[in-house]
Amino acid sequence: MKARYAVAAAGLATALIGSVALGAQAQAGDKSITFDMVRSQAAEGAGCLPDAVAKVRVVANSQNETLTLKARGLPPNTGFDLFITQVPNAPFGVSWYQSDLQSDANGNASVKVIGRFNIETFAVAPKTAPAPVTHPGKDADSNPPFAPIHTYHVGFWFNSPDDAVNAGCPGNVTPFNGVHTAGVQAMRTRNFPALAGPRSQLG
């Protein structure tokens, strides 16, 4: 009996170690995953956002997924921009604007979005085509062709460089908002491998 318990305990320990190494928790037969985000390299390097934490849950629906992000420890009353990216760190690769994210007076923020957020999430450009130039001097007028590229990482940026500076972060201007004048990235999923972002774990 003791030997059987020992074997079971060893198996459980191995499973737990594997779960910690994986970083995301799959639930309900791979119908949902939950994972943490961490401060970006820019924020960590500057020593800003020391109390920021964020957790994401993705739930599979019949035809799409629901992604819910909850964060705390952010600067109060501050806007951010949520993106899905190819890799977690610069140069980020193919990235698409998913949602705004707004913190309240206590530095808490949450958002829920519905879309494609599982292992099938990808972008593709079969051939070059004209593109609308909504913001002259900032937008490309055509796309480079590329085969399907899967995008499994999540990150959010300060909507304003001034807000980033006020939070003690660098004041770099980046294209990661609707008018391409965002601040630096605040949080991302760089706690996962570059080519195995957390959303790849939801089949």
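Residues numbered from 1 in each chain as written. Predicted model: local features only at pLDDT ≥ 70, side-chain atom pairs only at ≥ 80, totals over all residues. Heavy atoms only, no water.

Student: How would you summarise the packing of aromatic side chains if you had to cite specific residues and measurements?
Tutor: Summed over the entire model, instances satisfying the criterion amount to ten aromatic pairs. Summarising the aromatic geometry, the rings of F83 and F176 are spaced 5.0 Å apart at their centres and angled 80 degrees between planes, so their arrangement reads as edge-to-face. With a gap of 93 residues between them, F83 in strand β5 (residues 79-85) and F176 in the loop between α3 (161-166) and β11 (185-188) connect regions that are remote in the sequence. With centroids separated by 5.4 Å and ring planes inclined at 80 degrees, the aromatic side chains of F92 and F176 adopt a geometry described as edge-to-face. On the criterion of sequence distance, the pair formed by F92 in the loop between β5 and β6 (95-102) and F176 in the loop between α3 and β11 is long-range, its members being 84 residues apart. Comparing F92 with F176, the two get one shared label, buried. Members of the aromatic cluster, connected to one another through ring pairs, are F83, F92, Y97, W157 and F176. (Phe/Tyr/Trp six-rings, centres within 6.5 Å; stacked < 30°, edge-to-face > 60°. Helix = DSSP H or I, 4+ residues; strand = E, 2+ residues; numbered from the N terminus. Buried < 20%, exposed > 50% of the residue type's maximum accessible area, 1.4 Å probe, protein only.)

Student: I'd love a proper account of the nonpolar core, names of residues and values included.
Tutor: In this structure, L69 and F156 are the most contacted members of the largest nonpolar core, which totals 33 residues. Only β2 (32-39), β3 (53-60), β4 (65-72), β5, β7 (109-115), β10 (153-158) and β11 provide two or more residues apiece to this core. Apart from the residues lying within four places of it in its own chain, the contact partners of F156 are M37, A54, L69, L74, F80, D81, L82, L101, Q185, A186 and M187. Formed by five residues, the second largest nonpolar core is a distinct cluster that contains F83, F92, W157 and A182. (Core = buried A, V, L, I, M, F, W, Y, C linked by side-chain atoms within 4.5 Å. Contact = heavy atoms within 4.5 Å.)

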